[in-house]
Amino acid sequence: MEQKSWRESYTELQRLVLPADTNIYNALYGGRLVEWIDNVASIVATKHSRRRAVTGSIDSLFFLSPIHLGDIVIMSGRLNYVTRTTMEIQVDVYSEEGLTGVRRFTTTAFLTYVAIDQDGRPTPVPGLLIEDEETKRRFEEGAKRSEARLAQLSRVRESHKNEI
Ligand SMILES: CC(C)(COP(=O)(O)OP(=O)(O)OC[C@H]1O[C@@H](n2cnc3c(N)ncnc32)[C@H](O)[C@@H]1OP(=O)(O)O)[C@@H](O)C(=O)NCCC(=O)NCCS
């Protein structure tokens with residue numbers, strides 16, 4: 001299987017927070033942000049694999065600062081790590097005040113996408129080209145997170161084994 005650079009799938013997306021995106025406190029709904037994050041990661045997964053890809057898991061989603069009506073939400077998605085059929089994508093989120101340009105870090109999320117074939121079965125994805133020290137560090141950290149995630153996945157599967 002070929003190897004591809006993270007640059008081929010790197011994705012940036014910016015959204016203006018409109019009234020329909022906010023709660024009664026004029027702050028962005030958490031669920032709306034998760035939707036946007038998933039959308040960014042979905043583009044990364046599709047560009048890297050050129051396969052159908054579904055969200056397998058989302059982890060480490062901490063909301064560190066509120067995003068307000070009229071703010072600009074700036075998201076970037078980068079592929080960190082791949083296994084045979086999965087891709088771990090890191091989405092970093094910042095908010096920017098439209099009138100002042102003040103920027104705040106909001107969250108980093110790690111999403112794992114699984115590439116699937118026409119029958120919905122996991123299918124192989126290209127490898128990730130390790131082209132520099134940062135890519136290597138991200139890959140190694142992704143491998144550690146993957147190990148922890150799979151341990152958690154098997155605990156969840158075990159406790160619901162007759163219901164999935
Ligand atoms: C994700 C899905 C395709 C996995 O299918 P599966 O037959 O259970 O997959 P397997 O157990 O054979 O695992 C395939 C690979 O995916 C990984 N994996 C499976 N489920 C995963 C999950 N939830 N999170 C992260 N990785 C997962 C496995 O570790 C394995 O990795 P590998 O490349 O190292 O082999 C299946 O569980 C599914 O369709 N889930 C619903 C997805 C969906 O609808 N998402 C939208 C949000 S509701």
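Residues numbered from 1 in each chain as written. Predicted model: local features only at pLDDT ≥ 70, side-chain atom pairs only at ≥ 80, totals over all residues. Heavy atoms only, no water.

Per an unreviewed UniProt entry, the protein goes by Acyl-CoA thioesterase and derives from Thermogymnomonas acidicola.

Novice: Give me the lowdown on the pairing of strand E6 (residues 103-116), citing residues and values where you can.
Specialist: For E6, a buried count of 11 out of 14 residues is recorded, marking the element as mostly surrounded by other parts of the structure. Pairing of strand E3 (residues 52-59) with E6 involves 7 bridges; the strand directions are antiparallel. Pairing of Ile58 across the sheet is with Leu111, part of E6. Examined bridge by bridge, strand E5 (residues 86-96) and E6 share 11 bridges and lie antiparallel to one another. Considered in E6, the bridge of Val91 is made with Ala109. The hairpin turn running from E5 into E6, its antiparallel successor, is 6 residues long, and Gly101 in that turn takes a positive phi close to 80°. (Buried < 20%, exposed > 50% of the residue type's maximum accessible area, 1.4 Å probe, protein only. Helix = DSSP H or I, 4+ residues; strand = E, 2+ residues; numbered from the N terminus. Pairing = 2+ DSSP bridges.)

Novice: If you had to explain the site of the ligand to someone new, which residues and values would you point to?
Specialist: In the vicinity of the ligand lie 15 residues, with Thr55, Gly56, Thr83, Thr85 and Arg157 positioned nearest. A distance of 3.4 Å is found between a nitrogen atom of the ligand and a side-chain nitrogen or oxygen belonging to Ser57. With respect to the ligand, the side chain of Arg157 contributes an N or O atom lying 2.8 Å from an oxygen atom. Taken by itself the ligand offers 920 Å² of open surface, and the protein chains cover 52% of this. (Near = heavy atom within 4 Å. Polar contact = N/O pair within 3.5 Å; in protein donor to acceptor, adjacent residues only side chain to side chain. Areas by Shrake-Rupley, 256 points an atom, 1.4 Å probe, with all protein chains shown as cover.)

Novice: For the pattern of salt bridges, give the residues involved together with the corresponding values.
Specialist: Summed over all chains, the structure comprises 17 salt bridges. Measuring nitrogen to oxygen at the nearest pair gives 2.8 Å for the salt bridge that ties Glu88 to Arg149. Of this pair, Glu88 sits in strand E5 while Arg149 sits in helix H2 (residues 133-159), and the two are 61 residues apart along the sequence. Comparing Glu88 with Arg149 shows no difference in burial state: the two are buried. Taken together, the shared-partner salt bridges in this structure form one network comprising Arg78, Glu134, Arg137, Arg138 and Glu141. (Salt bridge = Lys/Arg side-chain N within 4 Å of Asp/Glu carboxyl O.)

Novice: Which residues make up the pairing of E5, and what values go with them?
Specialist: Burial within E5 is extensive, with 10 of its 11 residues counted as buried. Relative to E5, strand E4 (residues 72-82) is paired through 10 bridges, and the arrangement is antiparallel. When the sheet's bridge partners are listed, Leu79 is paired in E5 with Ile89.

Novice: Please provide a residue-by-residue account of the nonpolar core, values included.
Specialist: Among soluble globular proteins, nonpolar side chains are generally buried collectively. Within the largest apolar cluster, 25 residues are counted, with the highest numbers of intra-cluster contacts made by Leu33, Val73, Met75, Met87, Ile89 and Val91. Counting only elements with at least two residues in this core, the list comes to helix H1 (30-49), E4, E5 and E6. Among the elements that line this core, the one with the most residues is H1, at 7 residues. Non-local contacts of Ile89, meaning those with residues more than four positions away in its chain, are made with Ala41, Val44, Ala45, Gly77, Arg78, Leu79, Ala109, Phe110, Leu111 and Tyr113. (Core = buried A, V, L, I, M, F, W, Y, C linked by side-chain atoms within 4.5 Å. Contact = heavy atoms within 4.5 Å.)

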